[in-house]
Each structure stands twice: as structure tokens, then as C-alpha cells.
Amino acid sequence: MKKDNKSFLINFLKLVETLGNKLPHPFILFTIFSIITLFLSFILSKFGVSISYFDIKTQTENIININNLLTYKNLRDLISGIPTIFINFPSLKIIVLMMMAIGVVDNIGFFNVLMRKYLLKTPKNIITAVFIFMAVNANIMSDAGTIFAITMGGILFSALGRNPKIGIMAGFAACSGGFTANFFVAGTDALLAGITEQAAHSVGYNITVNPLCNYYFMAAATLLLTFVITFVTEKVIVKVEGDYEGLSTSQLNEYKLTEDEERGLKYSFYSFIIFVIIMGILTIPQNAFFRNSNGGFLPKSPLLSSIVMIIFFLFLFVGIGYGIGTKKIKSSRDIPKYLQKGLSQAIPLMVTLLPASIFIHLLNKSNSLKILAFACSNVIKELNVSPLILLLIVTLMTSFLNLFLTSGSTKWLVLSQIVVPTFALLNISPAYAQLAFRIGDSATNIVSPVQNLIPVVLGLLADYEAEGKLKLKEGEKLGFGTVFSLTIPYSVAILITLVIAMIIWYLLDLPIGPGVYLRF
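Please read all numbers here as calculations on a predicted model, not as lab measurements.

Student: So what about the overall build of the protein chain? Which residues, and what values?
Tutor: Helix and strand counts for the protein chain stand at 22 helices and two strands. Across the 520 residues that make up the protein chain, the buried fraction comes to 53%. Contacts spanning at least 24 positions in sequence make up 81% of the contacts within the protein chain whose residues lie at least 6 apart. For the protein chain, the exposed area adds up to about 23,900 Å²; of that, 66% sits on carbon and sulfur atoms.

Student: I'd like to hear about empty space enclosed by the protein, residue by residue, with values.
Tutor: A complete count under the given rule lists three cavities of 30 Å³ or more for this structure. In this structure, the largest cavity spans a volume of roughly 110 Å³. Around the largest cavity, the lining is made up of 15 residues, and of these Asn182, Phe184, Ala186, Asp189 and Arg438 lie nearest the centre. Looking at the lining of the largest cavity, the elements with two or more residues in it are helix H9 (187–201) and helix H10 (215–241).

Student: Can you lay out the packing of aromatic side chains for me, pointing to particular residues and giving the numbers?
Tutor: Applying the stated criterion to the full structure yields 14 aromatic pairs. For the ring pair Tyr267 and Tyr270, a centre distance of 6.2 Å and an interplane angle of 35° mean the geometry is tilted. Residue Tyr267 and its partner Tyr270 are both found in helix H12 (residues 259–283); the two are separated by three residues, about one turn of the helix. What makes Tyr267 partly exposed here is its relative accessible area of 34%.

Student: Outline the packing of helix H2 (residues 26–46) against helix H16 (residues 347–366), listing residues and values.
Tutor: In contact at an axis separation of 8 Å, H2 and H16 are set at 15° when each is read in the N-to-C sense. One element, H2, and the other, H16, form an angle in the roughly parallel class. As H2 packs across H16, the resulting crossing turns out to be left-handed. Residue-level inspection shows Pro26, Phe27, Phe30, Thr31, Phe33, Ser34, Thr37, Leu38 and Ser41 of H2 in contact with H16, the latter providing Val351, Thr352, Pro355, Ala356, Ile358, Phe359, Leu362, Leu363 and Ser366. Looking at side-chain class alone, the contact of H2 with H16 contains twelve nonpolar, six polar and no charged residues.

Student: Kindly report on H12, identifying the contributing residues and their values.
Tutor: In an α-helix, one full turn covers 3.6 residues, which means residues spaced three or four apart are oriented alike. A rise of 1.5 Å per residue sets the reference length of H12, with its 25 residues, at 36 Å; its end C-alpha atoms lie 36 Å apart and thus fit the reference within 8%. Of all the positions in H12, only Glu261, Gly264, Leu265, Ser268, Ser271, Phe275, Met279, Gly280 and Thr283 are classed as buried.

Student: Hey, could you go over the packing of helix H8 (residues 164–177) against H10 for me, with residue numbers and the actual values?
Tutor: Where H8 meets H10, the closest approach of the two axes is 11 Å, and the angle between their N-to-C directions is 145°. The two elements H8 and H10 meet at a crossing, and its hand is right-handed. Residues Lys165, Ile166, Ala170, Ala173 and Ala174 of H8 touch H10, and the partners they reach there are Ile229, Thr233, Ile237, Val238 and Glu241. Tallied by class, the residues present in the contact of H8 with H10 amount to seven nonpolar, one polar and two charged.

Student: Requested: an account of the side chain of Ser366, with residues and values cited.
Tutor: Locating Ser366 in the fold gives a position in helix H16. Its relative accessible area of 1% is what places Ser366 among the buried residues. One polar contact links Ser366 to Ser368, side chain to side chain, over a distance of 2.9 Å. In this structure, Ser366 is in contact with Ser41, Asn65, Ile66, Asn67 and Leu69, ignoring residues within four places of it in sequence.

Student: Requested: an account of the side chain of Thr226, with residues and values cited.
Tutor: Of note, Thr226 is situated in helix H10. Polar contacts involving the side chain of Thr226 include one to the main-chain carbonyl oxygen of Thr222, which spans 2.6 Å. Residue contacts for Thr226: discarding those within four places in its chain leaves Ala129, Ile132 and Phe133.

Scoring rules and cut-offs
Residues numbered from 1 in each chain as written. Predicted model: local features only at pLDDT ≥ 70, side-chain atom pairs only at ≥ 80, totals over all residues. Heavy atoms only, no water. Helix = DSSP H or I, 4+ residues; strand = E, 2+ residues; numbered from the N terminus. Buried < 20%, exposed > 50% of the residue type's maximum accessible area, 1.4 Å probe, protein only. Contact = heavy atoms within 4.5 Å. Areas by Shrake-Rupley, 256 points an atom, 1.4 Å probe, with all protein chains shown as cover. 1 Å grid on protein atoms, 1.4 Å probe; cavity = no way out; pocket = protein on both sides within 12 Å on 5 of 7 lines; lining within 4 Å. Points joined across faces, edges and corners; volume = space filled by probe spheres on them. Phe/Tyr/Trp six-rings, centres within 6.5 Å; stacked < 30°, edge-to-face > 60°. Axes fitted to C-alpha atoms, helices over the stretch in contact; angles between N-to-C directions. Parallel < 35°, antiparallel > 145°, perpendicular 65-115°, else oblique. Left-handed = near helix turned anticlockwise from the far one by under 90°. Nonpolar A, V, L, I, M, F, W, Y, C, P; charged D, E, K, R; others polar. Expected span 1.5 Å × (residues − 1). Polar contact = N/O pair within 3.5 Å; in protein donor to acceptor, adjacent residues only side chain to side chain.

Next up, the structure:
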């Protein structure tokens, strides 16, 4: 019976892989969506699709009609307005700044060195937990972070005389499956916040969604997932795979920090202290620069509205300090070079955002999103569905879609246009909708057949097998089944943990970010 179940699962995942691989590049996908939206607006307008709603602010009954976009005027406005549509897309502004700043600390090697320093000094009895913690936070480096996590997992476990497969899979699960969690603010936070803000604006909610809107939950999730993934690794995966005995430190010694790297970390710490002092001067005094007119910070203040630039300068300070210490920054001319490297990492995303911004613009101009949002909110009100149920539906729906499409920004660009306005009309914070999405988007990353890093995992496992450091079971062959048989327990554990955490946050009405509660 177990064999039949396993065969069914493998066949299902192979089907998902086949279907997922048939999807075009997101650039083409959003271009197709834009064309469909144009023709759909024409068809729906001919059928007279509309919806009426009561505007609480003006105390009037209003009607929204579908706007036919296939007219000379609308098409002319579209073609001439594309540059403005693209440049004004909220996500583009945020992601450019964030990727430039994060690019400095990432490309200069700060994150890599920071994690190596504390990982290699860890007592061996808690080394798995510390490695998992580092791997979860490594997702700030995106795919490079996952590659770092699986590489270090194999090296660490092999050097400790343990099964390298366990280390590789634990690193993969922690970094890619724990993509929601982090103690640091990443480019993903900025990107999703921009998309969420734009979606809220589409139904008239002119609110600011900053990259820290989910931070409290993310930070807590980092600790939760560290414990859960460590537990699954040591109590489940070790029993399934079997572990080795012995100890070799020669490999670990190769990854010890150099004198320049040690100095770089000291200088980065000094830079961080300088930044904290400056921020203290600008925030602590009663009439400080970043306080609002009432002398506080919530619900709105210059501090919260300046979060993007504050994070930008934080990473810049730390990166420059590290660069000077390691002598990678020798003059002021080197700083723009690292900013350019960071921006270059955003170019593939910027290419996708061009048709995506046009698609979102067309949806808004046709009024189809507003009609859909009002219709959904009316149905939900009539059914009296709990906000918690709605959050769980978003999480589970995203988890399923993630099997076919792993690009989080692509999924959220589409889903947010329906989910965020619907939640906003029900007085539920758009940041909560984003959180529910991120939980689903993270948990099933490691069981998606279209996950682009699975070949990297398989290649690393094959290397250890060729070196004689990985012993396969009798009849075992390295393939997708090898990966999924070990990632499914992690995926289920991550999903259950984060969903339970979200339920607790919901029931206790805890803030998921600075000043961000369920209702807004």
C-alpha cells in the first residue's frame, strides 16, 4: 500500500513538473494576460457588466461599469502612456533602491562571511540548530542564499562525519522552504510591499505598505522554523536516511575567515554603531526629525514612511564598513560599482515588471478588478465568512499554485489584484493578505517540480556520491523522487507551523509589523 501511495505521489509530481515546464516566461505570460484583458473588457462591456455599491464616505449609491479598452482613445492613451505606467509602478521604485543597497552587502561578501563566522564557531551539540538558523536567514541572498545553504550543509555534515545528504536537504528546506522567515529585510519584502500597496490603491485605499509590514511575524517565524526544521532533521530525516559516524575538520578549516574578513566584520560593526547613533539622534528627542506632529511614531510618521530609505542607508553603512575593512573598497569610486552590481541583479525582474505593470494598469482601467473585488466582498459579507477562514484559503490556494509556478512576485502580481482589494473592502489589512500569501508561497517551494534549484541539489548529491562520501541505499537512484521523499516532511511541517503561528497572531490580535494589525 505504501509503495502504491509513493508511486501515485511521484506520478503526480511528474505531472506537475510537465505542466509547469509548459508555462511561458513571466514576461510572455503577462503579455498574454494583457491581451486577454483588452479583449475581455470589450466583451464584458458589450454585455453591460456592472455592479452597484454604497460609498460610506459620500453616503451615495454608485455604479461601476466595465470600461471598453479596445477603443481608439484608450489604445492611443495606452501606447503613449506605457513609459509612465512602467516608471510609476510602485514595486519598481522600491525594488530598485532595495536591490542597490542589498547588492552592496551581498556582492561584497558580508552575508557569506557573517554566516561562516558564527557557524564554524558553534558547539557541535547545537550545530544543526545554528546551521538551520543561518540557512533560514540566508534567503536574504535569494537563490544565491539557497545555494550557499545547501553547499554549507553538505560540507558541514560531511566534515562532521555525518551523512551529507541530510545537511544538503536541511539547508534546502530551511532556506527555500523557510522563505517567509528572516531577521533581515530583503528585496522580496520591498517587492511584495510595493505590489500590495498598488493593489490597495486600485480600490481607493491610499495607504502606504512598507517593507516591514510583516517583520514581527517574520522574525518570530525564523525562531519557530529553526526549532521545527531542526526537529524534523534529527528525529525524522536521520531515521529515514541513516547517519554516519566519524569526524573530519579539514574541510571546515578551508572555510575559516581570513584576517581581512575578520577586520571587515569589525569595521561593519563600527559602521552599524554609527548608523544607530545617527538614527537615535533623529528619533529619540521629543521633537525629533522622524517623529510625527504628536511626537509619536504610530499610526503614521516620517519614520514609517521613510523605512525604505532607512534600510537603504543601513545596508550601505554596513557594506561600506565591511568593504573598507577587507580592502575591497579602496576609494569612493568603488561604492557606485557595488551599487551597480546590486541593480544588475534587479534587471531580470524589471524586464518582467514591464508587461506586469501594463497588465495591472489595464485591469484597473477596465474596472474589472473593482467589480470583482466588490462582488467577492459582498458574497463574503452575506456568507459571514470569518477573516481567518479567508486567510487560510489564500494560504492553501497559494501553496497549490506554487507547485506549478514558483516565482513569488509573478503569483502575487496576479493574486494581489483580487485578494488585497477584497480584504481591504472588508477592513482587513492588506499586509495580512500578503502574510497569508507568503506562508503558502514558502512552504511548498521545496516540493515543486519546477523549482529551478532542484537540479543543483541533485548535482551536489551526485558529487558526494562520486567522491564516496555519500552511500546510496540498495537500488536507490538520485532523482526527483530522492529529493521529494525528503522535502515533503519538511514542507508539511513548515506549512503547519506557519499556519498555526498565523492563527495565534490572529486570535491574540498581535501586530505582524510596526503598527500593522488585522483591521486598519
